[in-house]
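Survey of secondary and tertiary structure
One letter stands for each residue in the lines below.
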Amino acid sequence: AQSVTQPDIHITVSEGASLELRCNYSYGATPYLFWYVQSPGQGLQLLLKYFSGDTLVQGIKGFEAEFKRSQSSFNLRKPSVHWSDAAEYFCAVDYTNAGKSTFGDGTTLTVKP
Amino acid sequence: SQTIHQWPATLVQPVGSPLSLECTVEGTSNPNLYWYRQAAGRGLQLLFYSVGIGQISSEVPQNLSASRPQDRQFILSSKKLLLSDSGFYLCAWSVLAGADTGELFFGEGSRLTVL
């Protein structure tokens, strides 16, 4: 069965520092890959997605992610974090192309002033 | 533009009582619809999905059911709630063609507390 691992439950960074959130997925084939962000008590919003092609994808709010097939990873990065980036971040994979994504347990980002 | 609405936003129910959460989508036709549940500190678990009116697939055995009486309406129900049904329920829709393939568009969620 497909699974998604986000190794870091909680990350704290200082405002202006760089950020990398890790995501690893299981299974052999290359899935559709997504990163979503969730503010407290809210629904999820898509940051970026990877289907095929260029392995470095750009998303909204200055985020980017790189797909590495050899490592089964899809890590999320941002060069300079803003206080408004504090939220929970979810990596998701979809092997079915039916919108039936499997989500990781999320990484909570705290931004220090 | 497309929008998705969920209600109620918050619900506190006693054990054994019924449940009905509603979700409607506007601005798109024949969407795929989904109910996800998010337990505290955990990711999302897919409960049900629907590819059309009256077509419901259940992903996990549970105390809940779903229905799709209209193209853009998706309802999550229970006849008798259990304590374990507490959680944050998210409705979502997607399309399976074009640039947005597979992307999920989420509602604001419904927080259910069963006491």
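Just so it is clear, the structure is predicted and the values come from calculations on it, not from any experiment. (Residues numbered from 1 in each chain as written. Chains lettered and ligands numbered in written order. Predicted model: local features only at pLDDT ≥ 70, side-chain atom pairs only at ≥ 80, totals over all residues. Heavy atoms only, no water.)

Looking only at helices and strands, chain B has zero helices and 11 strands in total. Taken over the C-alpha atoms alone, chain B extends approximately 45 × 30 × 25 Å along its principal axes. Taken across its 115 residues, chain B has 50% of its residues classed as buried. Only carbon and sulfur atoms are counted for the fraction: they give 53% of the accessible area of chain B, which is about 5,300 Å². For chain B, the distance from the average position of its 7 positive side-chain charges to the average position of its 8 negative side-chain charges is 12 Å. (Helix = DSSP H or I, 4+ residues; strand = E, 2+ residues; numbered from the N terminus. Buried < 20%, exposed > 50% of the residue type's maximum accessible area, 1.4 Å probe, protein only. Areas by Shrake-Rupley, 256 points an atom, 1.4 Å probe, with all protein chains shown as cover. Lys, Arg positive; Asp, Glu negative; His and termini not counted. Charge placed at Lys NZ, Arg CZ, Asp CG, Glu CD.)

Residue and element names in this part refer to chain B. Strand order across the open sheet formed by four strands is β1-β3-β8-β7, with antiparallel pairing between neighbours. Sheet topology places β1 (3-7) and β7 (65-70) at the edges, where each strand pairs with a single neighbour. This sheet shows a mean twist of 20° between the axes of neighbouring strands, independent of strand direction. Bridge analysis of strand β3 (residues 19-26) against strand β8 (residues 73-78) gives six bridges, and the strand direction is antiparallel. Bridged to Leu19 within β8 is Ser78. (Pairing = 2+ DSSP bridges. Axes fitted to C-alpha atoms, helices over the stretch in contact; angles between N-to-C directions.)

For the structure on display, the rule yields 16 aromatic pairs over all chains. Ring geometry for A:Phe103 against B:Tyr36: centres 5.4 Å apart, planes inclined by 85°, an arrangement best described as edge-to-face. Taken together, the positions of A:Phe103 in strand β11 (residues 102-103) and B:Tyr36 in strand β4 (residues 32-38) put the pair across two chains. No difference in accessibility class separates A:Phe103 from B:Tyr36, as the two residues are buried. Pairing B:Tyr34 with B:Tyr49 gives two aromatic rings, centres 6.3 Å apart and planes at 20°, and the pair type is stacked. Of this pair, B:Tyr34 sits in strand β4 while B:Tyr49 sits in strand β5 (residues 44-52), placing them 15 residues apart in sequence. The same class applies to B:Tyr34 as to B:Tyr49, namely buried. One aromatic cluster in this structure is built from A:Tyr32, A:Phe34, A:Tyr36, A:Phe51, A:Phe103, B:Tyr34, B:Tyr36, B:Tyr49 and B:Phe106. (Phe/Tyr/Trp six-rings, centres within 6.5 Å; stacked < 30°, edge-to-face > 60°.)

Next up on the list: the interface of chain B and chain A. Opposite the 24 residues of chain B that make contact, chain A presents 21 residues. When chain B packs against chain A, the two sides together hide about 1,700 Å² of surface, and 50% of this comes from carbon and sulfur. Joining chain B to chain A, the criterion identifies two salt bridges. Between B:Glu59 and A:Lys100 there is a salt bridge, with the nearest N and O atoms lying 3.7 Å from each other. Listed by contribution, the elements that provide at least two residues to the side of chain B that touches chain A are β4, β5 and β9 (87-94) of chain B. (Contact = heavy atoms within 4.5 Å. Buried area = accessible area lost by both parts, 1.4 Å probe. Salt bridge = Lys/Arg side-chain N within 4 Å of Asp/Glu carboxyl O.)

Looking now at the nonpolar core. Core analysis: the biggest nonpolar cluster contains 27 residues, and A:Trp35, A:Leu48, A:Phe74, A:Leu76 and A:Tyr89 have the highest contact counts within it. Listed by contribution, the elements that provide at least two residues to this core are β2 (10-14), β3 (19-21), β5 (32-38), β6 (44-50), β8 (64-68), β9 (73-78), β10 (87-94) and β12 (107-112) of chain A. Ranked by residues supplied to this core, first place goes to β10(A) with four residues. The residues touching A:Tyr89, leaving out its near neighbours within four places in the chain, are A:Gln6, A:Leu21, A:Trp35, A:Tyr36, A:Val37, A:Leu47, A:Phe63, A:Leu76, A:Gly106, A:Thr107 and A:Leu109. Within the second largest apolar cluster, 21 residues are counted, among which are B:Leu64, B:Phe74, B:Cys91 and B:Val114. (Core = buried A, V, L, I, M, F, W, Y, C linked by side-chain atoms within 4.5 Å.)

Put simply, chain A has an average pLDDT of 92, and 97% of its residues get 70 or more. The spread of mean pLDDT over the elements of chain A runs between β11(A), the lowest at 92, and β3(A), the highest at 98. (pLDDT = per-residue confidence, 0-100.)

Here chain B averages 91 in pLDDT, while 97% of its residues score no lower than 70. Across chain B, β8(B) holds the top mean pLDDT of 97, while β5(B) sits lowest at 92.

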